[in-house]
Amino acid sequence: MLPRRAPTPASPPASTCPAASAARRRPCNPSRHVVGRTVTEGTPQQSGWRRTTWTRELLVREVERRGRVRVSPATMGRALASVGAQRRRPRPVVRCPWPERRRRRRLWQLKCRAAFARPDEPVLFEDEMDVHLNPKIGPDWTLPGQRREVVTPGNNQKRFVAGALDARTARVTWVQGEKKTSALFIDLVRAVDAAYPRAKRLHFILDNAATHSSKKTQKALEALGERLVLHFLPPYCPEGNRIERLWWDVHANVTRNHRCKKMVALMTEVDAYLDARNTQKSASPLLRAASARRAA
């Protein structure tokens, strides 16, 4: 009798074979650091594409070009969500033409002057703000399925506010004007001069607007002699002017989504906010309308 052959061991099922599983495995998602770096490091044009903004389809092509697996746009969308990427409007900026070292040194000098301001030599941050009758539109709380309406007057009107923010006390001195000219700046200087009668010298930190150094301004400031000193910021450096935050607060509290039909009423609200800010020493002072106060 012939000897029986030992049974051949059965091959493992296809589902348990590591090689077969790896062969049938779906392509893995693009790594998070590759997607995040692609989105943040530059624009599509810097990577050789003609389009100016990233899309999921274009990111799929770019990640594949960099040697990664090709995935679907839906998978790319999940990869973007995993790194917290969102579609947002870019912020337009203008770069300062000065060398970085010179710009930083100048900003540091002005910051030190404001930090060590004395009562007899106040330091004030000066700037102008545009006020439009057509309201600025901003977010507000609403219930699901609802949306607020802001009726605009249609024909826009503009007024201008020139202000000076005391670096030590945060007190605001301001004037209004129909045009943003040298006369508006001169009116502000005279208002500050009257508000600080005991000051030996007034230091203004301001930008390089033409109205701050025009011939008309220089002639008007000669009457103050050495009492007024102008310290100009580097070009295109609004972050060095502390009053810019004040104007943001004015828009947030007054001009955004406003319902004023006439410019006079809107400017009255601006004056009321600035006056309450000086009184309450708060960026968001509590204000009640005149009709509501009478009803109470």
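Here, every reference points to the structure presented above.
So, here's what we can say about the structure.

**Looking at the environment of Arg 51**
And step 1. Among the secondary structure elements, Arg 51 is positioned in the loop between α2 (32–40) and α3 (56–65).
And step 2. When neighbours within four sequence positions are excluded, Arg 51 is seen to be in contact with Pro 44, Gln 45 and Leu 58.
And step 3. Of note is the side chain of Arg 51, whose polar atom sits 2.8 Å from the backbone oxygen of Thr 53.

**A few points about the packing of α2 against helix α4 (residues 73–82)**
And step 1. Two numbers describe how α2 lies on α4: the axes approach to 9 Å, and their chain directions differ by 85 degrees. By the angle between their directions, the pair α2 and α4 is classed as roughly perpendicular. Judged by residue contacts, Arg 32, Val 35 and Val 39 of α2 engage Met 76, Ala 79, Leu 80 and Ser 82 from α4.
And step 2. Looking at side-chain class alone, the contact of α2 with α4 contains 5 nonpolar, 1 polar and 1 charged residues.

**With respect to the sheet that holds strand β2 (residues 158–166)**
And step 1. On the basis of which strands lie adjacent, the open sheet formed by 5 strands has the order β3-β2-β1-β4-β5 and mixed pairing. Of all strands in the sheet, those with a lone pairing partner are β3 (172–177) and β5 (228–232), marking the two edges. In this sheet, adjacent strand axes meet at a mean angle of 25 degrees when their direction is disregarded.
And step 2. Where strand β1 (residues 123–132) and β2 come together, 9 bridges link them in antiparallel fashion. By the bridge assignment, Asp 130 is partnered in β2 with Phe 160.
And step 3. Contacting β1, β2 and β3, helix α8 (residues 243–255) runs over the sheet at an angle of about 35 degrees to β1.

**Structural notes on the pattern of salt bridges**
And step 1. Overall, the coordinates contain 15 salt bridges when judged by the stated rule.
And step 2. Taking the shortest distance from any N to any O, the salt bridge between Lys 200 and Asp 120 comes out at 3.9 Å. Of this pair, Lys 200 sits in the loop between α6 (182–195) and β4 (202–206) while Asp 120 sits in the loop between α5 (100–115) and β1, and the two are 80 residues apart along the sequence.
And step 3. Residue classification places Lys 200 among the exposed residues on the basis of a relative accessible area of 60%.
And step 4. Several salt bridges share partner residues, and in doing so they unite Arg 118, Asp 120, Glu 121, Lys 200 and Arg 201 into one network.

**Looking at α4**
And step 1. Taken together, the buried positions of α4 are occupied by Thr 75, Met 76, Ala 79 and Leu 80. Along the long axis of α4, the arc covered by the buried residues comes to 145 degrees, so they all point the same way.
And step 2. Buried residues belonging to α4 abut α2 and α3.
And step 3. Backbone geometry just downstream of α4 places Gly 84 in the positive-phi region, at approximately 80 degrees.

The rules behind each value
- Residues numbered from 1 in each chain as written.
- Predicted model: local features only at pLDDT ≥ 70, side-chain atom pairs only at ≥ 80, totals over all residues.
- Heavy atoms only, no water.
- Helix = DSSP H or I, 4+ residues; strand = E, 2+ residues; numbered from the N terminus.
- Contact = heavy atoms within 4.5 Å.
- Polar contact = N/O pair within 3.5 Å; in protein donor to acceptor, adjacent residues only side chain to side chain.
- Axes fitted to C-alpha atoms, helices over the stretch in contact; angles between N-to-C directions.
- Parallel < 35°, antiparallel > 145°, perpendicular 65-115°, else oblique.
- Nonpolar A, V, L, I, M, F, W, Y, C, P; charged D, E, K, R; others polar.
- Pairing = 2+ DSSP bridges.
- Salt bridge = Lys/Arg side-chain N within 4 Å of Asp/Glu carboxyl O.
- Buried < 20%, exposed > 50% of the residue type's maximum accessible area, 1.4 Å probe, protein only.
- Arc of directions from axis to C-beta.

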